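Residues per chain, in single letters:
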Amino acid sequence: MRGLLILIVLLGIGVVIGDRVAVGMAQNEIGRKIAADYNLPQQPSVTIGGVPFLTQAVDGKYRDIGIRVGDWSGQNLTVHNLDVKLTDVSAPLTDLLHNRTSNLVAATATATAVVPYDTVKGFAPSGVESISNSPEGLRVAGTFSVEGISVPATVVVTVAPTTDGIEVTPVSVQAAAGGPAIPLAMLRQTLTFTVPLQRLPLGAQLTAIQPSADGLHVTAAARDVHFSDLQ
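The rules behind each value
Residues numbered from 1 in each chain as written. Predicted model: local features only at pLDDT ≥ 70, side-chain atom pairs only at ≥ 80, totals over all residues. Heavy atoms only, no water. Pairing = 2+ DSSP bridges. Helix = DSSP H or I, 4+ residues; strand = E, 2+ residues; numbered from the N terminus. Salt bridge = Lys/Arg side-chain N within 4 Å of Asp/Glu carboxyl O. Buried < 20%, exposed > 50% of the residue type's maximum accessible area, 1.4 Å probe, protein only.

## Thoughts on the sheet that holds strand 3 (residues 77–90)
So, step 1. The strand order across the open sheet built from seven strands is 1-2-3-4-12-11-10, with neighbouring strands paired in antiparallel fashion. Edge strands, defined here as strands with exactly one partner in the open sheet, are strand 1 (45–48) and strand 10 (199–200).
So, step 2. By the bridge criterion, two bridges tie strand 10 to strand 11 (residues 204–212) in an arrangement that is antiparallel. Looking at the pairing, Arg 199 lines up with Gln 205 of strand 11.

Okay, here's the thing in structure tokens:
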């Protein structure tokens with residue numbers, strides 16, 4: 001009986017080791033494929049959720065796959081801390097291990113990233129000197145032309161996802177100390193602009209934007225994602 005128990009334990013350890021080796025190979029292949037498809041300077045870190053992996057592989061169904069990209073450049077701008085989560089993924093194990101990950105399909109893809117304020121400023125109108133978050137909201141400070149006169153001011157703006165990207169819209173104006181009051185209407189058109197981040201990788205469209213200390217934290221989502229359609 002003791003020998004049988006030892007054999008069962010050893011077999012169990014072997015299955016666990018085999019499972020971890022297989023998941024490591026699959027994760028590496030997915031990361032390699034994504035790096036090639038998107039010309040990434042570094043291969044992203046991939047995590048396939050769920051234990052055991054081999055059971056999911058036999059079924060060709062994976063509960064979730066996490067992809068940590070880091071910095072990503074596209075649409076003439078760069079974002080930081082790009083993470084993507086795929087859910088309800090369908091792909092045969094043989095495809096994953098033989099460079100056929102274009103057959104991978106995910107029910108949903110959710111991407112999150114940080115758009116630094118320096119990037120936002122690059123698309124802002126001339127006169128904008130800084131963009132920062134505050135308890136009152138997102139603040140755009142600079143010197144702006146009002147009826148031909150350069151006037152320093154701070155403008156509180158809102159940000160929203162649109163089909164064209166991140167739309168920045170003024171909602172209030174704070175004149176500089178001792179400076180003249182500036183009607184919002186005089187700056188609304190000048191300081192309404194768009195950061196052309198229309199989507200994140202895997203075709204994910206912007207759904208939410210949250211200003212924070214280090215930049216705009218954006219969320220994007222896509223459904224029925226086919227890797228073969230992402231070229």
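So, next bit.
## Here we look at the pairing of strand 12 (residues 215–226)
So, step 1. Relative to strand 12, strand 4 (residues 105–115) is paired through 10 bridges, and the arrangement is antiparallel. In the strand pairing of strand 12, Thr 110 is matched with Ala 221.
So, step 2. Across seven bridges, the pairing between strand 11 and strand 12 is antiparallel. Counted as the bridge partner of Pro 211 is Leu 216 from strand 12.
So, step 3. Following strand 11, the chain reverses through two residues before pairing antiparallel with strand 12.

## A closer look at the pattern of salt bridges
So, step 1. Counted under the stated rule, the structure contains three salt bridges.
So, step 2. Notably, a salt bridge pairs Arg 139 with Glu 136, separated by 3.8 Å at the nearest N-O pair.

## Here's the deal with the pairing of strand 8 (residues 165–175)
Each regular strand displays side chains that alternate between the two surfaces of the sheet.
So, step 1. Examined bridge by bridge, strand 7 (residues 149–162) and strand 8 share 10 bridges and lie antiparallel to one another. In the strand pairing of strand 8, Thr 154 is matched with Gln 174.
So, step 2. Pairing of strand 8 with strand 9 (residues 193–195), which is carried by three bridges, proceeds in the antiparallel orientation. Each residue of the ladder has a partner; that of Glu 167, found in strand 9, is Thr 194.

## Brief notes about unusual backbone geometry
So, step 1. Not every positive phi belongs to a glycine, and Gln 75 is a case in point at roughly 55°.
So, step 2. Mapped onto the elements of the fold, Gln 75 is located in the loop between strand 2 (61–74) and strand 3.
So, step 3. The class of Gln 75 is partly exposed, set by a relative accessible area of 26%.
So, step 4. Located in the positive-phi region is Asp 88, a residue other than glycine, with phi close to 50°.
So, step 5. Mapped onto the elements of the fold, Asp 88 is located in strand 3.

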